[in-house]
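# An overview of the molecular structure
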Amino acid sequence: PETLGGRFEGYNSWPAYSPDGKYLAYTTRRNPPSEMYLTNILRIRSLETGKEQEFSTKFGIVTCPRWSPDSQFIYFGAGDGQGTGIHRINTQNGEITPIVRVEAPAQLDRLEASPDGNGIIYEIRRAKPNEPCRILSRDLSTGEEKLLHAGECTVFSISPEGNRLALISQGWNKVLQVMPASGGQL
């Protein structure tokens, strides 16, 4: 095991390995803990050389980096004062492209890139207390969205083949459920 971050130890979060296991993407912040929590920098570390690439963003918070299968892009959640969304950064040139926008008070909670590289799956937390959380998929070529599940907020993960989702409820009674990644019965 190796401590990551050197002089920024304790300010790093959301680690994600590249598909080939050669790189680690993570978010970091540069402000002291007493200040507002701003995690607005995405870093990529080569696990072979230790060399790091850093991408600053205009967002107040950057979370949940997820690699595309070809490692050309990293999808991430980002927030500004008016809402949250999903963006994509090109790992070669740092170009950031918006993918999904979620207006406040609703919030983006989780995201996963599909193993085939054609889509993303993400969860939107309720805007109102009695509103269900929603897990949606988005086709990256057409922009088409599909509701996969609505209900209690979850932690979810997509299977390596991309055909199933595993969900764990975040309520008091933790329940593991499996469903088709295209939507349907739990």
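Heads up: the structure comes first, above all this text.
Residues numbered from 1 in each chain as written. Predicted model: local features only at pLDDT ≥ 70, side-chain atom pairs only at ≥ 80, totals over all residues. Heavy atoms only, no water.

## Let's talk about the sheet that holds strand E11 (residues 133-139)
The strands that make up a sheet pair up through hydrogen bonds in the backbone, lying either parallel or antiparallel. Selection criterion: What makes two strands pair is DSSP finding at least two bridges between them. Runs of E in the DSSP output that reach at least two residues are strands. Runs of H or I that reach at least four are helices, and both are numbered from the N terminus. Helix axes are fitted to C-alpha atoms over the stretch in contact, other axes to C-alpha atoms as well, and angles between N-to-C directions run from 0 to 180 degrees.
Within the open sheet, the four strands sit side by side as E9-E10-E11-E12. Their pairing is antiparallel. Edge positions in the sheet fall to strand E9 (107-113) and strand E12 (145-151), since each has one partner strand and no second. Along the sheet, successive strands turn relative to each other by an average axial angle of 20 degrees, direction set aside. Where E11 and E12 come together, six bridges link them in antiparallel fashion.

## What to know about unusual backbone geometry
Rules: Exposure is judged per residue with a 1.4 Å probe applied to protein chains only, and the accessible area is read against the type maximum: over 50% gives exposed, under 20% gives buried, and values in between give partly exposed.
The backbone phi angle of Trp14 is positive, close to 55 degrees, even though this residue is not glycine. Take Trp14: it is sitting in strand E1 (residues 12-17). Classification of Trp14 as partly exposed rests on a relative accessible area of 30%.

## Brief notes about the pairing of strand E5 (residues 61-67)
A large share of E5 lies buried, amounting to six of its seven residues. With five bridges connecting them, E5 and strand E6 (residues 73-80) associate as antiparallel partners. Along E6, the bridge assignment pairs Trp67 with Ile74.

## A look at the side chain of Arg45
Convention followed: N or O atoms closer than or at 3.5 Å make up a polar contact, with two conditions inside protein: a donor-capable atom paired with an acceptor-capable one, and, for residues adjacent in sequence, both atoms drawn from side chains.
Relative to the assigned elements, Arg45 resides in strand E3 (residues 41-46). Polar contacts involving the side chain of Arg45 include one to the side chain of Glu52, which spans 3.0 Å.

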